[in-house]
Structures are given as structure tokens and as C-alpha cells.
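Below are the chains, spelled out letter by letter.
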Amino acid sequence: MDVPGFLKKNVSLFKDFTVEKIKELVNGSVIRSFEAKEAIAHQGAEAAHLGVVLSGAVAASAVTDGTRQPLGKLKAGDTFAEAALMTGNPLLADFIAESQCEILLIPVSLFQSIIVAEPGAVRHITRTIAERTRMLVSDPAKTKAALQQGNDPYGLNLKGERPEKILVINVGSSSLKYSFYDTTDESRHGKGQVERIGIEGTQLKHRGPKGEVKRDLEKGDHAAAFKAMLAELTSKENGVIKNAGEISVVAHRVVHGGEKFTEATLLTDELVAEMEKLNPLAPLHNPVIIAGIREMRKLFPAAPHVGVFDTAFHHTLPAYAFLYGLPYEFYEKKAVRRYGFHGTSHNYVALRAAEFLKRRPNELRVVSCHLGNGASICAVDHGRSVDTSMGFTPLEGLIMGTRCGDLDPGVLAFLEREEKLSASKSEEMLNKKSGLLGLSGVSSDMREVLRAADQGNQRALIALKAYCYRVRKYIGAYVASMGGLDTVIFTGGVGQGSAVVRALALQGLECMGITLDDKRNQNARSDEIARISTDDSNVTVLVVPTDEERMMAREALRALSRSYITRVLDAQKQQPFLVEISAHHIHLTQEHVEALFGKGHQLTKHADLSQPGQYACKEQLTIVGPKGRIERVRILGPARKYSQVEIAMTEQFKLGIHPPIRESGDIADTPGCILESPNGSVQIDRGVICALRHVHMSPEDALRYGVRDKSFVRVKIAGDRELVFGDVLVRVDPSFKLAMHIDTDEGNAANVKTGAQGYIDAIQSEGYQSS
């Protein structure tokens, strides 16, 4: 389609625009195809684009009182989201493809800089908004539906730019927790954990739509735990996916992001290497997490991987809140400062509280108390973290299960002198032998401490009082830091589960406008949000169950959304890639290498290929078929899991073999042949294919071009005879380097030689999930 010509002729908004200005808009925008019933934009969401229907039909509707109310239909040439872009308010409707359609998505930046700068366009938009407003006002049911706030104003229901299947990973030194989310079907949620990794008694627990299972596993490392997780996720009995290829994004919890990683970030090899530099800041956590990321990228090579950082939410702390009273060079040279942790949890419960109170996060002053075995408090002022109790490490702040919390550093110098305590022993004591456990002598588990205190154990009682006093002191401090308070939130295992701790932590804070309702506090359940303050309390106190995994999934979607917008727009600027001619070649297993060239033989490199780690070998073979033979066919290394022969279409007649056109590696039900070397021959029963023309991409390349693994695209190749290849398969893997491969027949027919430049002309279909 000539999109600029279509816009000029069929879209009234652009009738006063020059062709050059329309082309500028189109070049900076995205054209996306939507299948029937696929959501294009959601009611209550922030508008990121002006939509223009290029083909097909779109239905606008809104939900009120549980019923979907039709608002109207859009046809080719119609636009949508004008009102939201002009006012900054959320979208008033869901826009859903009624049939297969193509939509031009013009980003808000171009809407503001080009469209709004055109007086005629502004008049047209004003008329459109007025007409649609009159339509709504004429029907009270439509008015109510359109004006009703979306039921998911903060994206916690996990709706992305497109349907996603998200796997969330949380790796510990001896544990693995995981959660699966399907953005099209929340009922398919699955979660589980592997405990005691690397030691005896390793066990997997998994809960999915079909129930809960427990499995004993053999002692193994984290790689074994990941494989056990994948086996459970894909099992016929309890699984939620058919295979690893269905996962479209993987989110990883990363404890420490330092000052560099201030938001959820798409991970590349370079960024993972940057994360490794932060290992000294979190030596107990980050190394095992990074090892887990690398292992997961092998298991899910086609999916983008997103790092979600515990510290990221606190990057808004002002310098006066994050600096310590140490010589400044320790901050400059060693990055010694307050970082804060539990950021994902604090961010999530602050949003959930705003949703519950029907307030905007940027209207509230919140103190969030995440109380569990690890515990921290955060001051969230109008949606931003401005102070938090954990510091350079998770040791600082509150008394925790086994961590000491705030401590005079002079104590360590004293113990070093008096008790000959080394640095490593001090670290072990502060992290593993202090807190509730050290004070009470009973347990690190608050439930055990409460039972002991109830039975008259004085050390348990003083541990409980010290724990709650520290919480109460921090709440008061953060009221002072924010200059007031609207909401106190309790979350985490202790915060959600213990009415006693909540009551003691808030005792005496009526002077700050906090009045606890004892009955509500006692009756509050740990698995649902509840108000536990009195109706006349100036400050609302809430119990809010945290869901860090859901928040990580949400942050991963937002990271993808940013990439879809920015990187696809870059792709529309027509960044070229290398086109290479791939001649016939052979891949061999090591078994076949040795059968053809002798026991222990290793393939000999002749020249590197464009794909990292792959090379042409000095060894060559003859392919023998029922009709004829092809001599001097080069082997490509390294050895593979299966032997495979790739030939051009014209060569099948010479051999008398009729192979299918397949993706490399897909050799099921393919014909075989005989492979001959000077030393012998082997018969392969299958493996002869004509390879699909394809483009190798890394996950970052795929996001930049707006495609997925297994997408099919049209590629325009420049030259004396410019032409377009259709049905080009996109293959995505972190090890791939951007390049397109066509076979010799295609190259000869099109007069294309290695070194030509290709451009993605159109996306024909989204990536499919192999079964």
C-alpha cells in the first residue's frame, strides 16, 4: 500500500499536509497488523499513539457494571485516540480489531510536534472530538461506559502491546522460584519453586490450573533446577505451555542494579557483563542471579530477557537521603551509598493501594512496611521513593529474621578488638545470627517468637518489642521526611499475617492521625487487600498482599513496550542488513565425523562464517542420491546434534531426492542420502532439506525491527534490479548476528551476491509457537 498516498486521499486529518510532511510522519510511525478480535488499545490506558485505520474494521467499546457497551465502529481512513492525546486523560474505550486490519500508529512525539502544529489538523481533531462527544451524550449508557475508569489503571492485569506469555524467575543461592503468566488468559497462571538446590532433599513444588504437585529431585545444580522447572511447565499433566518456544519474555529478579540500572531493562551480553561489575555490591546474590540469567538464555534463546532490579524503584532518592556521612571519595570511587531493596514490592503495593483508594499514586504520601524474614520500610512521596530503611546492603534498617538492622559501626570495631572477630565472621553474624533469632534465642520466624512471648519468654518478648519499636520509629521518621502522611501499608509475610505486629507497630501514633480499628485488624486476611483503620482515621492503614512476581511481569511488559515503540520506530528508518548467499553444505554429528574421517577426528576450520562460532571446514564430502551425486560439498562446523544436508532446489533433480523446504534443524520426515568421504561413507535416514530463506537476528535486533522468532517478513534487496523476497523466516537467538541467507538458486535468479543490503519491507505474520 502507498501509505502516504492513502493518508492524503482518504484521511481528512491530513488533507492540508504536504506529501513530504506525511512521508515524515509515516517514516517515524509503525504499521501493525491485527487479527480479528485482537486488542489494539485498552480503556483506561495512557495513549501512546494516534491510530489510523489503514484497512479492515475496528470496534470501539467500553465495559460498565460488567457489561461491554458498544460505542461505535471505525473503518479505513478513521482515526482514534485524539481526545486522550489532546487532554492527557486515559483512553475512553477498548479498540478491538473486528476483522483483520492494519493500523498506522503515530507516536505521541510526532503527534505533538507535527500534527498539532498544523492549524487545519487541530480544527479537524476538535470537530472529531465534538462529534464523538455528542454521540456519547445522546446515549446515557454509552456515556457511563466511556467515562467509567478502566478497571486496571496501573497495568497490574498484565496487558501488553501484544499477547505475551511471561516467565518470571527469582533465583537464590539454593532456591528457584518461578511464575508463568498468559496475558490472554489469567486462568492459565502457574507458579512453583525448587528448594534445597545443590544439597540433599531437593524438591520441586508446582501449582497450576490443574492443581498442585510435589516432586523429589536428585541433588543437582541450578541448571538442573531450570530443566526441572521447564519439564513441569511443559508436562501434559500439570503444564501451562507445550514447549519453551511459547515463552515470549523472561523476567529476572536482580537484587542490585547499582546506579546504572534504574528501570527494568532488556538484557544483552553487554549489559549482563555490566551487571557483573556490580557483584562486589551484592556478593551473596548477584553472581548466582547472573549465572541463572545465562542459563535461562540458553533454555529460552528466542525470548527477550528482562532484568527487574530491586534497587531500581529507589533511584529517585535525593542525594541527601542516600549519602552516608563518610568521606565523599568513598561514594565517588566505590559507590558507597544507600541503594535500598524490596523496590519491586514497595512499588507494587503503593500502586495497589492507590487503586483500592481510587486515588492517583502521585496524589499520595505512603509509608510502605514490607515485613518478612527480610524487612524494610519505604517513604513513597507522590509515587516516588524518597527514603528507605535498607542501605548499601540489605543489612541496614529494621530488625529482621536473622539480620541486625541499624547498628553503630563502632560495635564491630569493639568486637574485633575484644572478641577477635574477623570480617567474614562479622558478616556471618550480622546476616545469619542476629535479628529476631539473635535477640530471642528462639527462632528467626516471627510466629515462633510470638508463641514464645505468649508463653512468657522474656527474650522473645523483648525481641518482639524491639522489632515493632523499630518499625514505629521509621514510620514517624518518614512522616517527617514527607511532611505528612495519607496511607500506611503493611505487606510481606509478617506484615500481612500478624495482627499483633501491626498493632504494636502503630501503637501511640494517634498523634500522627493514625487510628487502628482493632476488629478490622484482627479480621484482616493475608491474601486480600483490607482497610484496618477506623473510618474517621485521618490516615488510611491497609494490609496489601504483595505480588513481586506480577510486578516483575508488569515491568517486563513495560520494558517491551518501550522497545516496541523506540526500536520499531528505528526500524522504520530502514536500517539495512547484510544479505549472504548460502551454498549447499552439510552439518554432521561427531559420530558421523568420526565414521567418515576416523576415530577421534575433529573438524578443521577453513574460514569463519558471519554467524558467531560457526565456520566452514576444510573437510568436504560427496552427496549421493538415487539418481546422481554432488561432489566437494563443504562441511560447516562445529559438530551438531543431528546431521543435516542443505541443497538448492535445482540440485534435487540431480540427486533424485525431493526434500521439503524447511527451517534449518527441522528434519522430521525428511529424506536421507549417502555421504561419502575418501575414508568411507555413512547413510543418513533423514536430514536433506532445502532451507527456508531466513534472517538471523539477536533478540535485540528482533525488537528493533518489531518482529519475533518465527515471524515471516518481506525483505527488499537494493541493487540494479530492486526486488522483494517474501516469506523470509526470522530466526532469533542471542548468538546470532544480523544477516539474511538465501540459497544459490535465489541469488542467481535475482542477480544478488553476498554483500547486498536488505531492508524489512513488511511483516507478513507474527511468530508462531511450534508444537
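As a reminder, the structure under discussion sits directly above these lines.
Criteria and thresholds
Residues numbered from 1 in each chain as written. Predicted model: local features only at pLDDT ≥ 70, side-chain atom pairs only at ≥ 80, totals over all residues. Heavy atoms only, no water. Helix = DSSP H or I, 4+ residues; strand = E, 2+ residues; numbered from the N terminus. Pairing = 2+ DSSP bridges. Salt bridge = Lys/Arg side-chain N within 4 Å of Asp/Glu carboxyl O. Buried < 20%, exposed > 50% of the residue type's maximum accessible area, 1.4 Å probe, protein only. Arc of directions from axis to C-beta. Contact = heavy atoms within 4.5 Å. Axes fitted to C-alpha atoms, helices over the stretch in contact; angles between N-to-C directions.

Engineer: Run through unusual backbone geometry, naming residues and quoting values.
Structural biologist: A cis amide bond links Gly637 with the next residue in sequence, Pro638, at an omega value of 5°. Position of Pro638 among the secondary structure elements: in the loop between strand 27 (629-637) and strand 28 (644-646). With phi around 60°, Arg196 is a residue other than glycine that occupies positive phi space. Of note, Arg196 is situated in the loop between strand 11 (190-195) and strand 12 (203-208). Notably, Arg632 is not glycine yet its phi reads approximately 55°, a positive angle. Along the chain, the position of Arg632 falls in strand 27.

Engineer: So what about the sheet that holds strand 3 (residues 49-55)? Which residues, and what values?
Structural biologist: Read across the open sheet, the four strands follow the order 1-8-3-6; overall the sheet is antiparallel. Edge positions in the sheet fall to strand 1 (30-34) and strand 6 (79-80), since each of these pairs with one other strand and no more. Two elements, strand 3 and strand 6, share two bridges in a ladder whose sense is antiparallel. In the strand pairing of strand 6, Val52 is matched with Thr79.

Engineer: Can you tell me about the pattern of salt bridges, naming the residues and giving the values?
Structural biologist: Counting across every chain of the model gives 36 salt bridges. Of the charged contacts, one joins Asp182 and Arg188 as a salt bridge, the two residues approaching to 2.7 Å between their closest N and O atoms. With relative accessibility at 23%, the residue Arg188 sits in the partly exposed group. The shortest N-O distance in the salt bridge between Asp486 and Arg365 comes to 3.4 Å.

Engineer: Residues and numbers for helix 1 (residues 3-10), please.
Structural biologist: For helix 1, every residue scored as buried is listed here: Val3, Pro4, Phe6 and Leu7. Along the axis of helix 1, the buried residues cluster in a sector spanning 160°; they form a single face.

Engineer: Quick rundown of the sheet that holds strand 22 (residues 540-543)? Include the residues and the values.
Structural biologist: Across the sheet, six strands lie side by side as 19-18-17-20-22-21; this open sheet has mixed pairing. With one partner strand each, in any of the chains shown, strand 19 (384-388) and strand 21 (530-531) form the two edges of the open sheet. In terms of strand pairing, strand 20 (residues 487-491) meets strand 22 through four bridges, oriented parallel. Paired with Thr487 across the strands is Thr540, a residue of strand 22. Against the sheet, helix 12 (residues 343-357) touches strand 17 (365-371), strand 18 (375-381), strand 20, strand 21 and strand 22, its axis set at about 125° to strand 20. The strands touched by helix 17 (residues 458-482) are strand 17, strand 18, strand 19 and strand 20; relative to strand 18, the strand with the most contacts, the crossing angle is about 15°.

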